[in-house]
Structures are given as structure tokens and as C-alpha cells.
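Chains, contacts and geometry: an overview
Spelled out from the first residue to the last, the chains are:
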Amino acid sequence: MGNQAVYGKQRIDRGSARLYRKVDQHLKANSTSQNAQSKQLKEIYRAEIGVKEATGNNDGSRVGEYLRYCGLGEGYAWCAAFVSWCHWQAGYPEPRNAWAATLLPTARRVNDPRPGDVFGIYYTNLKRIAHVGFVDEWDDQYCITVEGNTGPPTDHAITDDYAANPIRAGPARDGVYRKRRPIRTIHAVARWTK
């Protein structure tokens, strides 16, 4: 027994036990790092709530940043560029695409949505996923979202903790908003975080 150690409930040689412990320590540290990165992603996308287009034509300084990250200039639809930019800001190299449909590949789809996942809405007239955003909360009936390139929430389409003033002066412009969507309207959810 001098050359053996106990790992879990098994007896193994001491060298293997040291290796397994190092692997366990690495996995725990990596898991903690991934949780911190996911939390950072949520903080980043929530901090963007309130960004609005300058003139209502997919433009403005921050909207331009989202689009430039994906290799485009102002004037293009930017919901997927917003999602990609937020992931990049949190340290994720992917996704990096302004085309909404590419953010929900089959290999990344999940059935257990959590904050930071990407939701997609299918447009029947386009026959594809044409709008994406972040899942912020999920329950049996509703998905609370943070999404860009969308109009402001309408009455009863937002949670009570939304800080925006419901009385608006001037025309509504697309921007980054926190909304409540019935889960039946969500076509798919993908996970780009670990």
C-alpha cells in the first residue's frame, strides 16, 4: 500500500492520484473562470440597454461599433452584430457574424435556456431565423430578453423592473431593449458560452 493512494473510492498508484488531483484543480479553476466569463457577458449586454439608433436607419456611434466588429458599416440590420460584439467584449471569440441565422447552428442548440444564451425568432415570410438576442430569464411562459435592432417594448411586453420611462417624447427608434416575449414565439436557443 506504500505506493498506492485513494482517489474517490478507488485505490490507484500515487503518481496517478497526483495527476488526477491536478486535473481536478484545473477543471475547478476553469469552471470558475467560465462562470465569471458568463456573468461578465450578462453585465455587458445589460449595460447596452438604452443604446438607440441615431436616425432610425441602422446607424449611430454604438450601432456602428457593433456592425464594424462584424466587418460592416452602418446601415445594415444589427441584432446579430450586437450579440456578437457582446460575446467579444466578454472574451469569447465567437460568434462573429451579423447574419442572424448563423447564430443558431444545430450543434449549439440547447433545450435548457439560461442567461447569456442566444434566442432566435423565425420569420415565415423570409423562411429563416431573422432576429436574435439574449435570453436574460426564462420561465414556463415567457422569455425575458435583451436584444438590439428592435423597437421599444409595448405595454405589458416588459417586466416591471424595466427602468425606462414609458412616456416617450418623439418617435420611437430601434435600439437595445429588455423585452418579454412568449416562449412560443422563440424558434430556437443556442449556447455560445461554455
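Before going into details, it helps to say that this report is about the structure given with it. Predicted model only: the values in this text are computed from it and were never measured. (Residues numbered from 1 in each chain as written. Predicted model: local features only at pLDDT ≥ 70, side-chain atom pairs only at ≥ 80, totals over all residues. Heavy atoms only, no water.)

Scanning the protein from terminus to terminus reveals three helices and seven strands. Looking at the protein residue by residue over its 194 residues, the buried ones come to 41%. Residue pairs in contact within the protein that sit at least 24 positions apart in sequence constitute 58% of those at least 6 positions apart. For the protein, the exposed area adds up to about 11,300 Å²; of that, 49% sits on carbon and sulfur atoms. (Helix = DSSP H or I, 4+ residues; strand = E, 2+ residues; numbered from the N terminus. Buried < 20%, exposed > 50% of the residue type's maximum accessible area, 1.4 Å probe, protein only. Contact = heavy atoms within 4.5 Å. Areas by Shrake-Rupley, 256 points an atom, 1.4 Å probe, with all protein chains shown as cover.)

The N-to-C vectors of helix H2 (residues 61-69) and helix H3 (residues 79-89) enclose an angle of 80°; their axes lie 8 Å apart at closest approach. Relative to H3, the element H2 is oriented roughly perpendicular. Facing Arg62, Glu65, Tyr66, Leu67 and Tyr69 of H2, the residues of H3 in contact are Ala81, Phe82, Ser84, Trp85 and Trp88. (Axes fitted to C-alpha atoms, helices over the stretch in contact; angles between N-to-C directions. Parallel < 35°, antiparallel > 145°, perpendicular 65-115°, else oblique.)

To continue, consider the side chain of Thr145. Looking at where Thr145 falls in the secondary structure, it is placed in strand S5 (residues 142-150). For Thr145, a relative accessible area of 0% puts it in the buried group. For Thr145, the side chain forms a polar contact with the side chain of Glu147, separated by 2.4 Å. In contact with Thr145, not counting residues within four places along its chain, are Phe119, Phe134, Asp136, Tyr177, Arg178, Lys179 and Arg181. (Polar contact = N/O pair within 3.5 Å; in protein donor to acceptor, adjacent residues only side chain to side chain.)

Turning next to unusual backbone geometry. Between Glu94 and Pro95 the backbone carries a cis peptide bond, its omega angle lying at 0°. Turning to its location among the elements, Pro95 is positioned in the loop between H3 and strand S3 (118-123). Located in the positive-phi region is Lys127, a residue other than glycine, with phi close to 60°. Counting through the fold element by element, Lys127 comes out in the loop between S3 and strand S4 (128-138). A relative accessible area of 66% places Lys127 in the exposed class. One non-glycine residue, Asn149, lies in positive phi territory at about 60°. The residue Asn149 is located in strand S5 in this model.

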